[in-house]
Amino acid sequence: DTEVTQTPKHLVMGMTNKKSLKCEQHMGHRAMYWYKQKAKKPPELMFVYSYEKLSINESVPSRFSPECPNSSLLNLHLHALQPEDSALYLCASSQEGLAGAGELFFGEGSRLTVL
Amino acid sequence: GQNIDQPTEMTATEGAIVQINCTYQTSGFNGLFWYQQHAGEAPTFLSYNVLDGLEEKGRFSSFLSRSKGYSYLLLKELQMKDSASYLCAVWPAGGSYIPTFGRGTSLIVHP
């Protein structure tokens, strides 16, 4: 299994809603990432978990709350989002934790629209 | 800080060869990756260079010169399906191994 699975693929939510994005990998990877990508822009790093601990938070607003229940799962909880948060949210994993470089395996992304 | 530079857009003809350049200035170097991303889809891995030289993989090749902070992705026998964004990503050395992505090069292949 060499896949990173993200659900849902599409999500439309209002500014007062609470929703979650989910990501799962069964490759035994030790690092998992959340990226945000706007159209025609590169992925922007949001959070990194290494060995199930939050290692990097790139000054992301608190309306985005990551959670890593176990080594295979990564969630992104969303609350009180703004329309400008509409984007493609990509989950990725890599074999090593933050101790070594390695290929990022990306999920297909969750396309989020905030009304 | 980290700085990666790629051309914004390139066009080429089906069957031709195209070279996409990437220059970087990072805090140390621990590897360079090229990813392909079709519109609305996730990036997919193309190649990885950590030592100087050329890595060939089918129609795609990637070159690295660490002393010049320079890489290129070479696509041969272009096909329409190669129309996509190509992202250069560099892993710095030391501290946290967090990759930095370039802005991506949008390649348009014409018939």
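Up top you'll find the structure we're talking about.
Read on for a plain summary of the structure.

Formed by 23 residues in total, the largest nonpolar core has its most connected members in Trp34, Phe64, Leu76 and Leu78 of chain A. Of all hydrophobic cores here, the second largest spans 21 residues; its members include Ile4, Val18, Tyr86 and Leu107 of chain B.

Facing the 22 residues of chain A at the interface are 19 residues of chain B. When chain A packs against chain B, close to 1,500 Å² is buried across both sides, 66% of that on carbon and sulfur atoms. Inspection of the chain A/chain B interface yields zero salt bridges. At the junction of chain A and chain B, the tally comes to two residue pairs in polar contact (both at pLDDT 80 or more). Here the side of chain A that touches chain B gets three residues from one element, more than from any other, and that element is strand E4 (residues 31–37) of chain A. Classifying every residue of the side of chain A that touches chain B by side-chain character gives 14 nonpolar, four polar and four charged.

Residue and element names in this part refer to chain B. On the basis of which strands lie adjacent, the open sheet formed by five strands has the order E1-E3-E8-E7-E6 and antiparallel pairing. Strand pairing shows two members of the sheet lacking a second neighbour, strand E1 (3–5) and strand E6 (53–57), which therefore form its edges. Averaged over all neighbouring strand pairs, the angle between strand axes comes to 15 degrees, with direction disregarded. In this sheet, strand E8 (residues 70–75) lies alongside strand E3 (residues 18–25) in antiparallel orientation, the contact comprising six bridges. Bridging from a neighbouring strand, Thr23 pairs with Tyr70 of E8.

All names here are of chain A. Judged by how many residues are buried, strand E9 (residues 87–94) sits mostly within the fold: eight of eight residues are covered. Note that E4 and E9 share seven bridges and pair antiparallel. Across the sheet, Met32 pairs through a bridge with Ser93, a residue of E9. Here E9 pairs with strand E11 (residues 110–114) via three bridges, running antiparallel. Note that in E11 the partner of Leu88 across the bridge is Arg111. In this structure, E9 lies alongside strand E10 (residues 105–106), joined through two bridges in antiparallel fashion. Bridge pairing links Ala92 to Phe106 in E10.

Residues and elements named next belong to chain A. Pairing between strand E7 (residues 64–70) and strand E8 (residues 73–79): five bridges, direction antiparallel. The partner of Glu67 across the bridge, within E8, is Asn75. Two successive antiparallel strands, E7 and E8, enclose a turn made up of two residues.

This part covers the state of the cysteines. Per the counting criterion, the structure on display carries two disulfides over all chains. One disulfide in the model links Cys23 of chain A with Cys91 of chain A; its S-S distance is 1.9 Å. Disulfide Cys23 of chain A to Cys91 of chain A: torsion about the S-S bond roughly -70 degrees, handedness left-handed. Taken together, the residues span a long stretch of sequence, with Cys23 of chain A in strand E3 (residues 18–25) and Cys91 of chain A in strand E9 at a distance of 68 residues. Bridging Cys22 of chain B to Cys88 of chain B, the disulfide has an S-S length of 2.0 Å.

Procedures and definitions
- Residues numbered from 1 in each chain as written.
- Chains lettered and ligands numbered in written order.
- Predicted model: local features only at pLDDT ≥ 70, side-chain atom pairs only at ≥ 80, totals over all residues.
- Heavy atoms only, no water.
- Core = buried A, V, L, I, M, F, W, Y, C linked by side-chain atoms within 4.5 Å.
- Buried < 20%, exposed > 50% of the residue type's maximum accessible area, 1.4 Å probe, protein only.
- Contact = heavy atoms within 4.5 Å.
- Buried area = accessible area lost by both parts, 1.4 Å probe.
- Salt bridge = Lys/Arg side-chain N within 4 Å of Asp/Glu carboxyl O.
- Polar contact = N/O pair within 3.5 Å; in protein donor to acceptor, adjacent residues only side chain to side chain.
- Helix = DSSP H or I, 4+ residues; strand = E, 2+ residues; numbered from the N terminus.
- Nonpolar A, V, L, I, M, F, W, Y, C, P; charged D, E, K, R; others polar.
- Pairing = 2+ DSSP bridges.
- Axes fitted to C-alpha atoms, helices over the stretch in contact; angles between N-to-C directions.
- Disulfide = S-S within 2.5 Å.

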